[in-house]
Amino acid sequence: VTISTWFQTTRDQFETDGQTNVDDTSTIANDVMLIAGQTSGVLYSPQIDLDQATLGTAWGTLAWNDSEVVGDIKYHVQYLDATSTWVDIPDSGLSGNSAGFDNSPISLLSLDPNTYTSIRLAANFTSVGGSPRLFDWTLSWGYKVTTPVISTPFDNAKVSTTTPSFDFVSTD
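Cut-offs applied
- The numbers attached to residues start from 1 for each chain and follow its sequence in the written order.
- Per-residue local features are limited, in this predicted model, to residues with pLDDT of at least 70; the limit for side-chain atom pairs, both in listing and counting, is 80 or more; totals at the level of whole chains, interfaces and linings are taken over all residues.
- The side-chain figures draw on all heavy atoms in the structure; neither hydrogens nor water molecules are used.
- Segments assigned H or I by DSSP are reported as helices when at least four residues long, segments assigned E as strands when at least two residues long, and all are numbered from the N terminus.
- A 1.4 Å probe rolled over the protein chains alone gives each residue an accessible area, and that area as a share of the maximum for its type sets the label: buried under 20%, exposed over 50%, partly exposed in between.
- The pairing test for Phe, Tyr and Trp rings, Trp by its six-membered ring, is centres within 6.5 Å, and the orientation test on the planes gives stacked under 30 degrees, edge-to-face over 60, and tilted for anything in between.
- The rule for pairing is simple: two strands pair if DSSP sees at least two bridges between them.

### Focus: the environment of glycine 129
Here comes step 1: Along the chain, glycine 129 falls in the loop between strand E11 (118-127) and strand E12 (133-142).
Here comes step 2: Looking at glycine 129, the relative accessible area reads 80%, which means it is exposed.
Here comes step 3: Put simply, glycine 129 and valine 69 are 60 residues apart on the chain and 9.3 Å apart in space, counted from C-alpha to C-alpha.

### Details of the packing of aromatic side chains
Here comes step 1: Considering all chains together, one arrives at four aromatic pairs under this definition.
Here comes step 2: Measuring from ring centre to ring centre gives 4.0 Å for tryptophan 64 and tyrosine 75, while their planes differ by 25°; the resulting arrangement is stacked. Of the two residues, tryptophan 64 sits in strand E7 (residues 58-67) while tyrosine 75 sits in strand E8 (residues 71-80), which places them eleven residues apart along the sequence.
Here comes step 3: Between the aromatic rings of tyrosine 75 and tryptophan 137, the centroid separation amounts to 6.4 Å while the plane-to-plane angle is 65°, which identifies the pairing as edge-to-face. Remark: tryptophan 137 occurs in strand E12 and tyrosine 75 occurs in strand E8; sequence separation between them is 62 residues.
Here comes step 4: Joined through ring pairs, the aromatic side chains of Trp64, Tyr75 and Trp137 make up one cluster.

### Description of the pairing of E12
Here comes step 1: For E12, a buried count of seven out of ten residues is recorded, marking the element as mostly surrounded by other parts of the structure.
Here comes step 2: Here strand E4 (residues 32-34) pairs with E12 via two bridges, running antiparallel. Looking at E12, one finds that methionine 33 is bridged to arginine 133.
Here comes step 3: Bridging between E7 and E12 involves nine bridges; their strand directions are antiparallel. Among the inter-strand pairings, tryptophan 59 is bridged to a residue of E12, identified as tryptophan 141.

Take a look at the structure:
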């Protein structure tokens, strides 16, 4: 099944992002790294709306490729709160988000699509003797089907709160 994806893999795509102390033009490669002399920085994706998907009914997975040999990158997923401020999705909505993610991919299927209709990605860069590098990141939409609530039991269903009724039919 082909699903919709949003991705950034080139310098031109990364240049559309919000950036603090990171640079997408410092190397020949299409990557993002800390500006020389900086020990930390952050890259924010543009706003991504759930309805941008042509296929998919929910947030699916976030995946990335990076190099953290001489540094660290923690990935977070943010949403617009009631005051239209970007904040991290709480751990109750996406377990582990407050600490940040190190291992790709992560599932976003637990996110309620009615609560989180728009999100953005954040990559927090930290130097440990050099700059980590982000090569690309990809968000895929997924399919989520809510579990139906059964209001009337099926025939022969064992239900503790229902007294069974029997219909008898006879013929001569």
